[in-house]
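# A structural walkthrough
Now for the letters of each chain:
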Amino acid sequence: MTSRLVVTPRAKPSMTVRAGVPFVALLVALGLGAVILGLTGAAPLTVYRTMFDASLNGARAIERTLTYATPLILTGLAAAVAFRMKAYNIGAEGQLFLGAIAASGLALQLPAGTPAVLMVGAMLLGGALAGALWAGFAAVPRAFLGTDEIITTLMLNFVALALMNYLIFGSFSFWRDPTRPVPQGNTIPDSAAMPVISGRLHVGFAIAVALAVLLWWVLRNTTFGFRVRTIGDSPRAARYAGIGVPFATLAVLAISGALAGVAGAIEVSGVTNRLDPKSLAIELGYTGIVIAAVARLNPLGVVPVAIFLAAIATAGGSMQSIGVRVEVVVMMQGLIFLSVTAGEFFVTNRIGLRPAGPPEPAVTAAAADALEGAS
Amino acid sequence: MNDSVLVLSIASALVAGTPILLAALGEIITERAGVMNLGVEGMMLIGAVVGFWCGVSTGSLTLSLVVGGLAGAALSLVHAVLAITLRVNQTVSGLSLVILGSGLSAFLGAAGETSLLERANGVDVDPLLPAALRDLPVVGPILFGHDVVVYVTVLLVAVAGRVLYRSAPGLSLRAVGEDPAAADAAGLHVVRMRYLATAIGGFGAGVGGAYLVIAVLGTWQTGMTAGAGWIAVALVILAGWRPWLALVGAYAFGALRGLGFTLQIAQVSIPSDFLTMIPFIAAYIVVVAVSASPTRARKVAAPAALGVPYHREER
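Conventions adopted
- Residues numbered from 1 in each chain as written.
- Chains lettered and ligands numbered in written order.
- Predicted model: local features only at pLDDT ≥ 70, side-chain atom pairs only at ≥ 80, totals over all residues.
- Heavy atoms only, no water.
- Helix = DSSP H or I, 4+ residues; strand = E, 2+ residues; numbered from the N terminus.
- Buried < 20%, exposed > 50% of the residue type's maximum accessible area, 1.4 Å probe, protein only.
- Contact = heavy atoms within 4.5 Å.
- Lys, Arg positive; Asp, Glu negative; His and termini not counted.
- Charge placed at Lys NZ, Arg CZ, Asp CG, Glu CD.
- Rg over C-alpha atoms; globule rule 2.2 N^0.38 Å.
- Phe/Tyr/Trp six-rings, centres within 6.5 Å; stacked < 30°, edge-to-face > 60°.
- Lys NZ or Arg CZ within 6 Å of the ring centre and 35° of its normal.
- Salt bridge = Lys/Arg side-chain N within 4 Å of Asp/Glu carboxyl O.
- Polar contact = N/O pair within 3.5 Å; in protein donor to acceptor, adjacent residues only side chain to side chain.
- Domains from an automatic or database assignment.
- Buried area = accessible area lost by both parts, 1.4 Å probe.
- Core = buried A, V, L, I, M, F, W, Y, C linked by side-chain atoms within 4.5 Å.
- pLDDT = per-residue confidence, 0-100.

Here we come to the overall build of chain A. Broken down by element type, chain A carries 16 helices and 4 strands. For the C-alpha atoms alone, the extent of chain A along its principal axes is close to 85 × 60 × 35 Å. In chain A, which comprises 375 residues, the share counted as buried stands at 50%. Contacts spanning at least 24 positions in sequence make up 77% of the contacts within chain A whose residues lie at least 6 apart. Charged side chains in chain A number 24 positive and 16 negative. The centres of these two groups are separated by 4 Å.

Bringing the overall build of chain B into the picture now. When its secondary structure is counted, chain B shows 15 helices and 0 strands. Since a compact globule built from 315 residues should have a radius of gyration of about 20 Å, the 20 Å found for chain B is in line with a globular shape. Along the longest, intermediate and shortest principal axes, the C-alpha atoms of chain B span 60 × 55 × 40 Å. Put simply, chain B has 315 residues, and 54% of those count as buried. Excluding contacts between residues fewer than 6 apart, the proportion of contacts in chain B whose partners are at least 24 apart in sequence is 77%. Within chain B, one finds 16 positive and 16 negative side-chain charges whose respective centroids are separated by 14 Å.

This next bit is on the packing of aromatic side chains. On inspection of all chains with the given rule, the structure shows 7 aromatic pairs over all chains. Note on Phe158(A) and Phe280(B): the rings are 4.4 Å apart at their centroids and 10 degrees apart in plane angle, and the pair reads as stacked. Of this pair, Phe158(A) sits in helix α6 (residues 149-170) while Phe280(B) is found in helix α14 (residues 272-292), placing the two residues in two different chains. Taken individually, Phe158(A) and Phe280(B) each receive the classification buried, so the pair is uniform in this respect. Geometrically, the ring pair formed by Phe345(A) and Phe346(A) is edge-to-face, given 5.3 Å between the ring centres and 90 degrees between the ring planes. You can call Phe346(A) partly exposed: its relative accessible area is 35%. The residue whose ring lies beneath Arg176(A) is Phe172(A), and the NZ or CZ to ring-centre distance is 4.1 Å.

Turning to the interface of chain A and chain B, a few remarks are in order. The interface is formed by 48 residues belonging to chain A together with 44 residues belonging to chain B. Linking chain A with chain B are 0 salt bridges, by the criterion used here. At the junction of chain A and chain B, the tally comes to 3 residue pairs in polar contact (both at pLDDT 80 or more). Elements with a minimum of two residues in the side of chain A that touches chain B: β1 (3-9), α1 (15-39), α5 (116-145), α6, α12 (284-294) and α15 (328-348) of chain A.

Residues and elements named next belong to chain A. Looking at chain A, the domain boundaries give domain 1 (1-42 + 324-375) and domain 2 (60-323). Taking the mean C-alpha position of each, domain 1 and domain 2 sit 33 Å from one another. Taken residue by residue, the interface counts 14 residues in domain 1 and 15 residues in domain 2. Between domain 1 and domain 2, roughly 1,300 Å² of surface is buried when both sides are summed, and carbon and sulfur atoms account for 70% of that area. Contact with domain 2 buries surface across domain 1, with Val-324, Gln-333 and Phe-337 losing the most and accounting together for 45% of the total. Viewed at the interface, domain 2 and domain 1 are joined by 1 salt bridge. In this structure, Arg-296 engages Glu-344 in a salt bridge whose closest nitrogen and oxygen atoms are separated by 3.0 Å.

Okay, the side chain of Ser102(B) next. Looking at where Ser102(B) falls in the secondary structure, it is placed in helix α4 (residues 90-110). Residue class for Ser102(B) comes out buried when judged on its relative accessible area of 17%. Within the structure, the side chain of Ser102(B) is placed 3.2 Å from the backbone oxygen of Ile99(B), a separation counted as a polar contact. Discounting chain neighbours no more than four positions away, the residues touching Ser102(B) are Glu283(A), Val330(A) and Leu45(B).

It is characteristic of soluble globular proteins that their nonpolar side chains tend to be buried jointly. Counting 195 residues, the largest nonpolar core has Met51(A), Met155(A), Leu275(A), Val328(A), Trp220(B) and Trp230(B) as the members making the most contacts within it. Lining this core are residues from two domains, each supplying at least three of them: domain 1 (1-42 + 324-375) and domain 2 (60-323) of chain A. Every residue in contact with Leu275(A), bar those within four places of it in the chain, is listed here: Ala100(A), Ile101(A), Ser104(A), Met164(A), Leu167(A), Ile168(A), Trp175(A), Gly185(A) and Leu280(A).

Now for the pattern of salt bridges. Residue and element names in this part refer to chain A. Taken as a whole, this structure holds 5 salt bridges over all chains when the rule is applied. The closest approach of N and O atoms between Asp-233 and Arg-84, which form a salt bridge, is 3.7 Å. Placement of Asp-233 in helix α8 (residues 223-233) and of Arg-84 in helix α3 (residues 59-84) is noted, with a sequence separation of 149 residues between them.

One turn of the α-helix equals 3.6 residues, which is why residues spaced by three or four share an orientation. Along α8(A), the positions that sit buried rather than exposed are Gly225(A), Val228(A), Thr230(A), Ile231(A) and Gly232(A). As for α8(A), its buried residues are in contact with α3, α7 (203-221), α9 (235-240) and α10 (245-272) of chain A.

Turning to the confidence of the model for chain B, a few remarks are in order. For chain B, mean pLDDT is 86; residues scoring 70 or higher make up 94% of the total. By mean pLDDT, helix α15 (residues 294-299) of chain B is the weakest element of chain B at 57, and helix α10 (residues 190-217) of chain B is the strongest at 94.

So, in structure tokens, the structure goes:
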């Protein structure tokens, strides 16, 4: 006798399910990746083993991974706070570039003798401001005209990218090193470099984690956070409750842009030490969106997800040594995102088998539960 | 006269606009059925790399475009499973598709002994019409000087416009996108139609990507769409989900993309990075302007169920 699949919603997914499903999804993604790798003639196990060694095996590897995770945490937070209010800011990518442009500009402009604390502080603030202002180009039309922010933020990403390229590759701007024939950003002074925690890992990581905790607390415990969540759940209810939706939209998108801008500033201060379009334009903003989604828009969840993704991304460099293309890591990220996103369905629904027989009486799972409860 | 700057740039606008138009046309079908697939950029890249590989191996334009389209459709089915069957957030699924598409295309494009990065274009793209027509003053290069794909695409726009508004399947498709519950009650297969519409969208994006790499650019480069897919997504909204307006918009974007070439000949020096910005700034301004005009906004409404998964039990 044939059976058929029955899908019933889970009332409240247990912890095991919530943690177990993403884990299984991850294994599925690794399996799919192995198939693709195998088809193109690479040895999947060697690839995964090399990835693990490059990003998680040993102190140096872990430092590298956490450093890489830093901007991803921030762009993840940028997406999480905006998406929580159903303001789909896809523009973290461009806001990050603007943050990097502002921070490197400040570092080059301020006297090199400025104390490091002031210097780095100014860069972070400048980056946040620039990111927030860039987000404003999408936030203002959205708040007052209802303009679709997905499209505006996206278009602004490409404008920001072209602007950054212009500053380094297209002109002899203030940002470009005049002494070198090959276009390259001017190196920022030592006082503008982010202090180091250990090896490559810089204080920016701690800042990112602190901002994650702060954002989590603000969304959970403050009036502002309550407003954001209410608008996200029902804009109409929020309006009836007297919440100023346009203002909240502006505020949330500004915060979102500021977080992405800080990511850019931290990258300049802690990693690139100059405005370097090649190492900044690596889709940190887009990846952040998917990180936020996988973390279910929870700021605290963003941190581990970003670190995990960073572990895969950092392994890219080591792929060369075993003759596999760097691009494999982006492909793996895509597979993992899709697989984990698909897993969401299995968190909220239970799949069972039911033998196909004569039509059963229409007793749904919910009704059955209710009956049990009554008896 | 046929070598004048204006004539050449209008002619090149049509060619440059065609890949965007193909992708946008597909996405219009997808979104009209209520599925929002933001993964156009990823599907175009996959279509491009597979189409280019097919071109290098076979030299056939038709085969390359069809195979590229099928590759795009295959990738779109991943989104279909997630968005339609598993009912996940379509924005997230679409973005993941872009990441997967760009990673996979870069990986495939660089794989092998002699990778596609080092291969020359294997397909000759010839003008369709006889030289007598092509050499006509002004209208020759603009209207008659193109390859077959440009004309077929215009034909497809006409067909799509006709089918969407003047045929039973088109009505069903729109019904599924406006009110899936009512469509379901009327006996339409909501899930089946949405899968089909998503696959058509993926096919359009794949063909667009393949045409872009084979006929417009001529060589494969990692991430070579450079935002064309996103322009297509924006275009769908700008055009109010209507095929003919998408055609106008796509050619306008094509003209903006070709502006650099035009200005260079006219000896106006504008940094190339600013030229890159122009289409995106234009799209931004148009989107804001459209939303600022209340009369238009009311007429140009998105499909009511766009991006909303359909679940029978919640009917």
